[in-house]
Amino acid sequence: MFLVGVTGGIATGKSSVASIFREFGIPVIDADQIARKVVEPGKPAWYKIYKEFGPEVFLNTQELDRAELGNIIFNDVEKRKKLNAITHPHIYKEIYWQTFKYFLQGHQFIVMDLPLLFETGHMLNYLHKIIVVTCEEDLQLQRLMKRTGFTEAKAKLRIAAQMPLEKKVEMANFVIENSSSEHDTREQTIRVINVLRASKYHWKLRFLVGFSCTILIAGIYLLRNRNLQSLLSVT
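For the structure given in this document, a descriptive report is provided here. Owing to the predicted nature of the structure, the values given are computational and were not obtained by experimental measurement. (Residues numbered from 1 in each chain as written. Predicted model: local features only at pLDDT ≥ 70, side-chain atom pairs only at ≥ 80, totals over all residues. Heavy atoms only, no water.)

Notes on the layout of surface pockets
What the second largest pocket holds in volume is close to 230 Å³. As for the second largest pocket, its lining consists of 14 residues, and the residues nearest its centre are E137, Q140, I159, A160 and L165. Taken together, the elements giving at least two residues each to the lining of the second largest pocket come down to α7 (137-148), α8 (152-160) and α9 (165-170). The element best represented in the lining of the second largest pocket is α7, accounting for 4 residues. For the lining of the second largest pocket, a count of residues per class yields 7 nonpolar, 3 polar and 4 charged. (1 Å grid on protein atoms, 1.4 Å probe; cavity = no way out; pocket = protein on both sides within 12 Å on 5 of 7 lines; lining within 4 Å. Points joined across faces, edges and corners; volume = space filled by probe spheres on them. Helix = DSSP H or I, 4+ residues; strand = E, 2+ residues; numbered from the N terminus. Nonpolar A, V, L, I, M, F, W, Y, C, P; charged D, E, K, R; others polar.)

Shown next, in the form of structure tokens:
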């Protein structure tokens, strides 16, 4: 099984592209969804955030007030780093666990929806291919304002907090331009899916894993026999 990363900028349409992969029966690990899960009330990250940022970033239900926390971290780089230091270990732990479960199920490849792939650099060495979803800058701004109700200034601040799209495009294996119609985006995504499905890379990985397991089992068997022979020679 090989790993494919989907990334882009905020409001460029990553989730829409990921949903098309799901339609074709390809597992998708959603980092944003996991990020919401790890900060649920009672979780270790929840307590750490409470200790670091105080009760003002929580609702009466004890759930995290994501809007208020966002206002804090996007205006203070150091606080943003502190939040990432709290949440990222828990997020990646869950990502690894989900990946392992999909590996056991025998999938050819899985998709990881990672909004901050390039910003953190954490998963880059594990990905076989990277897909960047992009769109025109003005359209990205309009989509974000419509989706969140942000002012133009606030929306621009959120966009500026991420790596520029043009730099992400330069590091991509595939680029999906999401400035046109849903049909056009879908067609681009299907073409990428077809290329990935035609890849034989997963067989190489399966061979390497199988070979490693064989060596491990053989080593255990030889060690067991050696210990048994030593025990018999003593008696």
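Past the structure itself, the notes keep going.
A word on the packing of aromatic side chains
Two aromatic rings are characterised by how far apart their centres lie and by the angle between their planes. Inspection of every chain in the model, using the stated rule, returns 8 aromatic pairs. With a centroid separation of 5.2 Å and 15° between ring planes, the pair formed by F2 and F109 is classed as stacked. In this pair, F2 sits in strand β1 (residues 2-8) while F109 sits in strand β3 (residues 109-113), placing the two residues 107 residues apart along the sequence. Summarising the aromatic geometry, the rings of Y50 and F58 are spaced 5.3 Å apart at their centres and angled 40° between planes, so their arrangement reads as tilted. Here a set of aromatic residues connected by ring pairs shows up, and it is made of W46, Y47, Y50 and F58. (Phe/Tyr/Trp six-rings, centres within 6.5 Å; stacked < 30°, edge-to-face > 60°.)

Notes on the pattern of salt bridges
A side chain with one charge can pair with a side chain of the opposite charge if their charged atoms come near. This structure, assessed with the given rule, holds 7 salt bridges. Of the charged contacts in the structure, one is a salt bridge between E23 and R186, with a shortest N-O distance of 2.9 Å. Placement of the pair is E23 in helix α1 (residues 14-23) and R186 in helix α10 (residues 182-198), with a sequence separation of 163 residues. For R186, a relative accessible area of 28% corresponds to the partly exposed category. A salt bridge links E78 to K81, with the nearest nitrogen and oxygen atoms 3.8 Å apart. You can see E78 and its partner K81 sitting in helix α5 (residues 77-104), 3 residues apart, about one turn around the helix. For E78, a relative accessible area of 49% puts it in the partly exposed group. (Salt bridge = Lys/Arg side-chain N within 4 Å of Asp/Glu carboxyl O. Buried < 20%, exposed > 50% of the residue type's maximum accessible area, 1.4 Å probe, protein only.)

Section: the sheet that holds strand β4 (residues 129-134)
With respect to topology, 5 strands assemble into an open sheet ordered β2-β3-β1-β4-β5, the strand pairing being parallel. Whereas interior strands pair on both sides, the edge strands pair on one side only; in this sheet they are β2 (28-30) and β5 (174-177). Averaged over all adjacent pairs, the angle separating strand axes in this sheet is 20°, with direction ignored. Sheet analysis places β1 next to β3, joined by 5 bridges and oriented parallel. Bridging from a neighbouring strand, V6 pairs with D113 of β3. Of the strands in this sheet, β1, β2, β3, β4 and β5 touch α1, which is tilted by about 160° from β3. Strands in contact with α5 are β1, β2 and β3; relative to β2, the strand with the most contacts, it is inclined by about 170°. (Pairing = 2+ DSSP bridges. Axes fitted to C-alpha atoms, helices over the stretch in contact; angles between N-to-C directions. Contact = heavy atoms within 4.5 Å.)

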